Amino acid sequence: MAEFTMELNDEQKEVRDWLHGFAADVIRPAAAEWDEREETPWPVIQEAAKVGIYSLDFYAQQYFDPTGLGIPMAMEELFWGDAGIALSIVGTGLAAVGVLANGTEEQIGTWIPQMYGDAGDVKVAAFCSSEPDAGSDVASMRTRAVYDEAKDEWVLNGTKTWATNGGIANVHVVVAVVDPELGSKGHASFIIPPNTPGLSQGQKFKKHGIRASHTAEVVLEDARVPGSCLLGGKEKLDERLARARERAKAGGERVKNAAMATFEASRPAVGAMAVGTARAAYEVALDYARTREQFGRPIIDNQGVAFQLADMRTSIDAARLLVWRASWMAVNGKPFTAAEGSMSKLFASETAKKVTAEAIQILGGNGYTREYPVERMHRDAAIYTIFEGTSEIQRLVIARTLAGMPIR
Ligand SMILES: Cc1cc2nc3c(=O)[nH]c(=O)nc-3n(C[C@H](O)[C@H](O)[C@H](O)COP(=O)(O)OP(=O)(O)OC[C@H]3O[C@@H](n4cnc5c(N)ncnc54)[C@H](O)[C@@H]3O)c2cc1C
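This structure is a prediction, so every number in the text was calculated from the model and none was measured.

### Concerning the overall build of the chain
Helix and strand counts for the chain stand at 13 helices and 11 strands. Since a compact globule built from 408 residues should have a radius of gyration of about 22 Å, the 22 Å found for the chain is in line with a globular shape. Viewed in the frame of its principal axes, the chain has a C-alpha envelope of about 80 × 50 × 40 Å. When the 408 residues of the chain are sorted by exposure, 52% land in the buried category. Counted over contacts in the chain with a minimum sequence separation of 6, partners at least 24 positions apart contribute 73%. Put simply, the chain shows about 18,600 Å² of open surface, and 53% of that area lies on carbon and sulfur atoms. In the chain, the 43 positive side-chain charges and the 54 negative ones have mean positions that sit 5 Å from each other.

If you want it as structure tokens, here you go:
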């Protein structure tokens with residue numbers, strides 16, 4: 001087990017500084033433009049691919065950092081640069097993790113490289129779980145996957161929504177119902193290969209924030225994929241379904257709402273994104289408060305402003321510590337008995353919303369304009385309390401543990 005320490009090691013510091021340089025020199029200067037354009041920042045993703053940030057290797061290296069701090073540190077720095085662009089860069093990684101977690105070695109080797117493409121021809125991937133009537137309540141999912149034994153193909157029908165990179169992805173990972181009797185236990189994940197007939201993009205959403213990240217519906221109409229596209233393979237699925245049916249027959253545990261079963265260990269990564277946005281806004285506010293003069297002195301000389309900055313900084317550090325704790329627990333296989341992953345995501349995302357709003361206040365009229373970045377950061381921050389489980393769902397999960405109920 002890696003020893004707990006509050007300090008990053010030399011290698012981590014080097015990676016952090018390198019990422020910070022990319023975030024400061026490449027991402028941040030492009031942020032306002034891509035926010036206005038509301039388009040995927042392909043040239044920035046390409047730059048990230050050139051230097052090795054947009055790649056499975058990089059993601060895997062951080063993912064397998066034995067201290068657990070690789071991913072949160074990377075997320076914080078990239079999202080410090082800009083949340084919309086950073087989500088365009090890491091969105092593929094979120095889909096790739098779905099394959100890494102459930103796929104066979106062959107599936108990992110075949111599909112993950114196609115998710116990223118290469119520096120000369122970058123591609124993106126999408127993870128599609130949410131549906132119009134199945135957001136927090138994942139168990140209400142309706143997209144169906146039916147096995148056509150004669151052809152060894154799966155046929156998918158349904159509408160996914162809110163998919164980051166949905167429709168523009170080279171590879172889509174789609175969660176679908178294979179046995180409606182089993183609730184969320186009857187779900188399975190499928191790879192939808194490039195150019196599969198029957199997969200199309202529905203509406204692209206015009207959003208409040210993270211506008212450089214593409215979010216759209218994905219429509220599946222008799223989309224046929226080879227049997228080999230079922231993640232984990234048919235044998236494993238059949239075994240899993242048989243076990244679930246046995247338990248259901250024995251009147252065993254009720255099939256639970258899958259929103260609560262969302263992988264507790266992935267939540268700190270979203271918390272780290274929120275810490276990045278909060279820190280970015282705080283730094284702009286601090287700098288402004290030191291230089292802006294009113295009544296003959298910098299506004300930070302007013303205790304009202306200085307105390308606000310002190311609270312902002314304290315909340316950000318507290319959020320980071322919760323994120324680091326949960327990340328360390330995940331990598332060391334510690335059970336999340338108090339829903340520590342949810343705690344980190346809840347606190348960090350609420351902090352980002354609060355701190356970015358306070359930053360606008362400290363910048364006064366300037367904070368309210370697009371001449372300064374805090375207005376964008378505030379719009380961006382609103383996503384953290386919504387995706388990957390809303391704040392209410394995080395509270396629900398934490399509350400379940402307090403009541404002595406299992407997380408899953
Ligand atoms: C920009 C963006 C990107 C996204 N990217 C992806 C993606 O790549 N892939 C993907 O699959 N999904 C994605 N999502 C979907 C996201 O995860 C869902 O929006 C989220 O899970 C909430 O679902 P919903 O929007 O249907 O809200 P609902 O579930 O309808 O919730 C509405 C409100 O009711 C509250 N609520 C619901 N149930 C309860 C309860 N039991 N107790 C208390 N309050 C409750 C919620 O907290 C919320 O405030 C994305 C969403 C956005 C906005």
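Now that the structure has been shown, we can carry on.
### Focus on the site of the ligand
In the vicinity of the ligand lie 19 residues, with Ser130, Ser136, Trp162, Thr390 and Glu392 positioned nearest. Phe127 has a polar backbone atom sitting 2.8 Å from a nitrogen atom of the ligand. The separation between an oxygen atom of the ligand and a polar side-chain atom of Glu392 is 2.6 Å. Protein chains bury 64% of the 980 Å² of accessible surface belonging to the ligand in isolation. The set of elements that each furnish at least two residues to the shell around the ligand consists of strand S3 (125–128), strand S5 (153–164) and helix H13 (391–402). The dominant element in the shell around the ligand, judged by the number of residues it contributes, is S5, at 3 residues. When grouped by side-chain class, the residues that make up the shell around the ligand number 9 nonpolar, 7 polar and 3 charged.

### Here's the deal with the packing of aromatic side chains
Counted under the stated rule, the structure contains 8 aromatic pairs. Cluster of aromatic residues (ring-pair linked, three or more members): Tyr147, Trp154 and Phe190. When the ring centre of Trp80 is taken as reference, the NZ or CZ atom of Arg28 above it lies at 4.1 Å. The lysine or arginine in question, Lys234, covers the ring of Tyr147, its NZ or CZ lying 4.9 Å from the ring centre.

### Some words on helix H6 (residues 105–116)
An α-helical turn contains 3.6 residues, so a residue and the one three or four places further along point in the same direction. Under the 1.5 Å per step criterion, the end-to-end length of H6 is 17 Å for 12 residues, consistent within 8% with the ideal 16 Å. Within H6 the residues assigned to the buried category are Gln107, Ile108, Trp111, Ile112, Met115 and Tyr116. For H6, the arc enclosing every buried residue in end-on projection is 130°, short of the 170-degree limit, so these residues lie on one face. A positive phi of about 65° marks Gly117, the residue just after H6.

### Focus: the packing of helix H9 (residues 267–291) against helix H12 (residues 374–381)
Working note: a packed helix pair is described by the angle between its axes plus the distance between those axes. Contact geometry for H9 and H12: axes closest at 10 Å, N-to-C directions at 160°. Here H9 is positioned roughly antiparallel relative to H12, judged by the angle of their axes. Judged by the sense of rotation from one axis to the other, the crossing of H9 with H12 is left-handed. Here H9 contributes Thr277, Ala280, Ala281 and Val284 to the contact with H12, which in turn contributes Val374, Met377 and Ala381. Class assignment of the residues belonging to the contact of H9 with H12 gives a composition of 6 nonpolar, 1 polar and no charged.

### Describing helix H10 (residues 303–331)
Over its 29 residues, H10 extends 42 Å from the first C-alpha to the last, a length consistent with the 42 Å expected when each residue adds 1.5 Å. Within H10, the full set of buried residues consists of Val305, Leu309, Met312, Ile316, Ala319, Arg320, Val323, Trp324, Ala326, Ser327, Trp328 and Met329. Looking at the buried residues of H10, the elements they touch are helix H4 (70–81), H9 and helix H11 (340–367). In the segment just after H10, Gly333 is the residue with positive phi, at about 65°.

### Quick notes on a negative patch on the surface
There is a patch of like negative charges on the surface, built from Glu7, Asp10, Glu11 and Glu14. Mapping Asp10 onto the fold places it in helix H1 (residues 10–37).

### Some words on the UniProt feature "domain: Acyl-CoA dehydrogenase/oxidase N-terminal" (unreviewed entry) in the chain
Residues given the UniProt feature "domain: Acyl-CoA dehydrogenase/oxidase N-terminal" (unreviewed entry) here are residues 9–115. The span residues 9–115 is 83% helical and 0% strand by assignment, and the distance between its end C-alpha atoms comes to 31 Å.

### Notes on the side chain of Asn170
Within the element layout of this structure, Asn170 appears in the loop between S5 and strand S6 (171–177). Relative accessible area serves as the criterion here: at 19%, Asn170 is assigned to the buried category. Here the side chain of Asn170 touches Gln114 through a polar contact of 2.9 Å, landing on its backbone oxygen. In this view, Asn170 contacts Gln114, Lys123, Val124, Ile192, Pro193 and Pro194; residues no more than four positions away in its chain are not counted.

### Description of the side chain of Lys160
With respect to the helices and strands, Lys160 occurs in strand S5. When sequence neighbours within four positions are dropped, the list of residues in contact with Lys160 reads Cys128, Ser129, Ser130, Glu131, Met141, Thr143, Val174, Val175, Glu217, Val218 and Leu220.

### As for unusual backbone geometry
Even without being a glycine, Asn195 presents a positive backbone phi close to 60°. Phi is positive for Phe295, which is not a glycine, with a value near 55°. Positionally, Phe295 belongs in the loop between strand S10 (293–294) and strand S11 (297–298). Residue classification places Phe295 among the exposed positions, given a relative accessible area of 83%.

Cut-offs used in this document
- Per chain, residues are indexed from 1 in the order of the written sequence.
- The model is predicted, so local features are restricted to residues of pLDDT at least 70 and side-chain atom pairs to those at 80 or more, both for listing and for counting; the totals for chains, interfaces and linings are taken over all residues.
- The basis for every side-chain value is the complete set of non-hydrogen atoms in the structure, without hydrogens or water.
- Strands here mean DSSP runs of E at least two residues long; helices mean DSSP runs of H or I at least four residues long; both are numbered from the N terminus.
- Atoms counted for the radius of gyration: C-alpha only. Globule rule: 2.2 Å times residue count to the power 0.38.
- Per-residue accessibility, obtained with a 1.4 Å probe over protein chains only, is compared with the maximum for each type, and a residue is labelled buried under 20%, exposed over 50%, and partly exposed between these values.
- Contact criterion: two residues are considered in contact whenever any of their non-hydrogen atoms come within 4.5 Å of each other.
- Each accessible area is a Shrake-Rupley estimate made with a 1.4 Å probe; only the visible protein chains count as cover when residues are assessed.
- We treat Lys and Arg as the positive residues and Asp and Glu as the negative residues; His and chain ends play no part in the count.
- For the purpose of locating charges, the reference atoms are NZ of Lys, CZ of Arg, CG of Asp and CD of Glu.
- By convention in these notes, a residue is near a molecule or strand provided one of its non-hydrogen atoms lies within 4 Å of it.
- Throughout this description, a polar contact denotes any pair of N or O atoms lying within 3.5 Å of each other; where both atoms belong to protein, one of them has to be capable of donating a hydrogen while the other can accept it, and for residues adjacent in sequence the pair is counted only when both atoms sit in side chains.
- Basically, the charged four are Asp, Glu, Lys and Arg, the nonpolar ten are Ala, Val, Leu, Ile, Met, Phe, Trp, Tyr, Cys and Pro, and anything else, Gly included, counts as polar.
- Between 30 and 60 degrees the pair is tilted, below 30 it is stacked and above 60 it is edge-to-face, where a pair is any two Phe, Tyr or Trp rings, Trp via its six-membered ring, whose centres lie within 6.5 Å.
- Sitting over a ring, as applied to charges here, requires NZ of Lys or CZ of Arg to be within 6 Å of the ring centre and within 35 degrees of the ring normal.
- A helix is expected to span 1.5 Å for every residue after the first.
- This arc is taken over the directions from the axis of the helix to the C-beta atoms.
- Throughout, an axis means a line fitted to C-alpha atoms (over the contacting stretch in the case of helices), and angles, computed between N-to-C directions, take values from 0 to 180 degrees.
- Under this scheme an angle from 65 to 115 degrees is roughly perpendicular, one under 35 degrees roughly parallel, and one over 145 degrees roughly antiparallel; angles in between are oblique.
- Here a crossing is called left-handed whenever its near helix is offset anticlockwise from the far helix by less than a right angle, and right-handed whenever the offset is clockwise.
- The residues that make up patches have over 30% relative accessible area and no salt bridge, and they are joined within 9 Å when like-charged or within 5 Å when they are Val, Leu, Ile, Met, Phe, Trp or Tyr.
- When a carboxyl oxygen of Asp or Glu lies within 4 Å of a side-chain nitrogen of Lys or Arg, that pair is called a salt bridge.
- UniProt positions are given in the numbering used here, feature names are shortened, and annotations may be inferred rather than shown by experiment.

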